[in-house]
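A closer look at the structure
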Amino acid sequence: MEYMQVTICLNPIVPYRDIVVYALGDEGPYDSFEETDEGLKAYVPKKDFNEAWLRKTLDENLENCKCSYTFELMPDKDWNAEWESHHEAVLIGGGLGEVCYVRAPFHPVREDVTYDIVINPKMAFGTAHHPTTGLMLSQLMDMGETVKGKVVLDMGCGTAVLSILAAKMGASYVDAVDVDECAWRNAEENVATNGCENIVTCRLGDATTLTTQPTYDIVLANINKNILLKDMSSYVSAMKEDGILLLSGFFEADIPDLETRATELGLEKVTDSVMEEWAQIYLMK
């Protein structure tokens, strides 16, 4: 498959490199990234490259950052081998001493971890490399026995890594929902690879497809601030009384706005956590 390489220069780089990766990978067709001293290189199948969309997305997300980019068609190569040479497994620890090992199929198995999760790395997000995914995995493990027997919703599931962890922790049922068809198909593949298909159901859709009945004990949403603000009422409507809502995908500076919206909807904050300027909030209904 032919790929376009987009070289993006950013000033300042932090935290805007993460913002670009999130915007291009979570909401667009870009499937791999490489950090550079000036910013990053982003890769997208030639058939999916749209410069107008790229320019619009960068403009919308980099208001306070100077940005320039160039792009070129890359020679055809074995992109799976290229990705494997740069992709590393990730260890995420929880406060209860548990360890989640997120790896690709080509990484060696480890026997010294609590949860072994295999993610076929076809997407930029959900491989646990991004701080928001790490925050969510860690918080989920911190909940320990609370997850057992519960009905869980994973909104914007991406690779379904959070859904898979919930299933391995003893959830009785998990709905993994994503608006992107590629993410949905990748989620189904990863759920099957991890033997969780009897617990996790992958669905294509957004918040408008959610039930208005109190169905879920736990809702996980690692998306972005604007979508969280817009869709939080739908999450709350689908939650049981005393239900738990874990949010991430935003910066520490965004916590007050999300807390305000959560309070309006009758939620109470339990705690929050921060990693590399990215944040996560634990809320209860």
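Here we summarise the structure given alongside this text. (Residues numbered from 1 in each chain as written. Predicted model: local features only at pLDDT ≥ 70, side-chain atom pairs only at ≥ 80, totals over all residues. Heavy atoms only, no water.)

Hydrogen bonds along the backbone pair up the strands of a sheet, which may run parallel or antiparallel. Here we have 7 strands laid out as an open sheet, ordered S10-S9-S8-S11-S12-S14-S13, and mixed in their pairing. Looking at the sheet topology across the chains shown, the edges are occupied by strand S10 (200-204) and strand S13 (268-275). Each strand of the sheet is rotated relative to its neighbour by a mean of 15°, with strand direction disregarded. Judged from the 5 bridges that link them, strand S9 (residues 173-178) and S10 form a sheet pairing that is parallel. Residue pairing in the sheet places Val177 in a bridge with Arg203 of S10. Relative to S9, helix H5 (residues 161-168) is tilted by about 180°, and along the sheet it contacts strand S8 (151-155), S9, S10 and strand S11 (216-222). Strands in contact with helix H8 (residues 255-264) are strand S12 (239-251), S13 and strand S14 (278-284); relative to S14, the strand with the most contacts, it is inclined by about 15°. (Pairing = 2+ DSSP bridges. Helix = DSSP H or I, 4+ residues; strand = E, 2+ residues; numbered from the N terminus. Axes fitted to C-alpha atoms, helices over the stretch in contact; angles between N-to-C directions. Contact = heavy atoms within 4.5 Å.)

Right, let's talk about helix H2 (residues 51-61) for a bit. Residues of H2 that are buried include every one of Leu54, Thr57 and Leu58, and no others. All buried residues of H2 lie within an arc of 95° about the axis, which places them on one face of the element. Away from its buried face, by an angle of more than 90 degrees, H2 presents the exposed residues Asp59 and Glu60. At the N-terminal boundary of H2, the capping side chain belongs to Asn50, with an oxygen 3.0 Å from the backbone nitrogen of Ala52. (Buried < 20%, exposed > 50% of the residue type's maximum accessible area, 1.4 Å probe, protein only. Arc of directions from axis to C-beta. Polar contact = N/O pair within 3.5 Å; in protein donor to acceptor, adjacent residues only side chain to side chain.)

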